[in-house]
Amino acid sequence: MTEPQTWGIPEEPGPEVTAVRDRHGDVWKREGDAWRFARRLGALSTWDGLLRHEGPLTDASDEEDR
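The written sequence of each chain sets the order in which its residues are numbered from 1. It should be noted that, the model being predicted, local features are given only for residues of pLDDT at least 70 and side-chain atom pairs only at 80 or more, the latter also being counted only at that level, while totals for whole chains, interfaces and linings use all residues. Neither water nor hydrogens contribute to the side-chain values; these are computed over all heavy atoms in the structure.

Undergrad: Now, about the pattern of salt bridges: what can you tell me, with residues and values included?
TA: Oppositely charged side chains can form a pair if their charged atoms are brought close together. Salt bridges are identified by distance alone: a Lys or Arg side-chain nitrogen within 4 Å of an Asp or Glu carboxyl oxygen. Overall, the coordinates contain two salt bridges when judged by the stated rule. Across the salt bridge formed by glutamate 12 and arginine 30, the nearest N and O atoms sit 3.5 Å from each other. One end of the pair, glutamate 12, is in the segment before strand E1 (19-21); the other, arginine 30, is in strand E2 (residues 27-31), with 18 residues separating them in the sequence. Classification of residues uses two cut-offs on accessible area relative to the type maximum, computed with a 1.4 Å probe and protein chains only: under 20% is buried, over 50% is exposed, and between them is partly exposed. Take arginine 30: its relative accessible area is 23%, and that puts it in the partly exposed class. Between glutamate 31 and arginine 36 there is a salt bridge whose closest N-O contact spans 2.8 Å. Labels follow the DSSP assignment, with helices taken as runs of H or I lasting at least four residues and strands as runs of E lasting at least two, numbered in each case from the N terminus.

None of this, on its own, says anything about what the molecule does.
Below you can see the structure in the form of structure tokens.
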């Protein structure tokens, strides 16, 4: 019998990543230890929650000011 596979959650990127784009194309901005949905007031998420519910994620730091 083979061992079951397990997956870990990728580590949160360093402070140089200030924004990420989710699978829907929406931008989440880093705010301290949390991530804020740029278009919805009050929507905060942890890194783990963001990956689980909105992933995969891509770096959107360069697009932040657009």
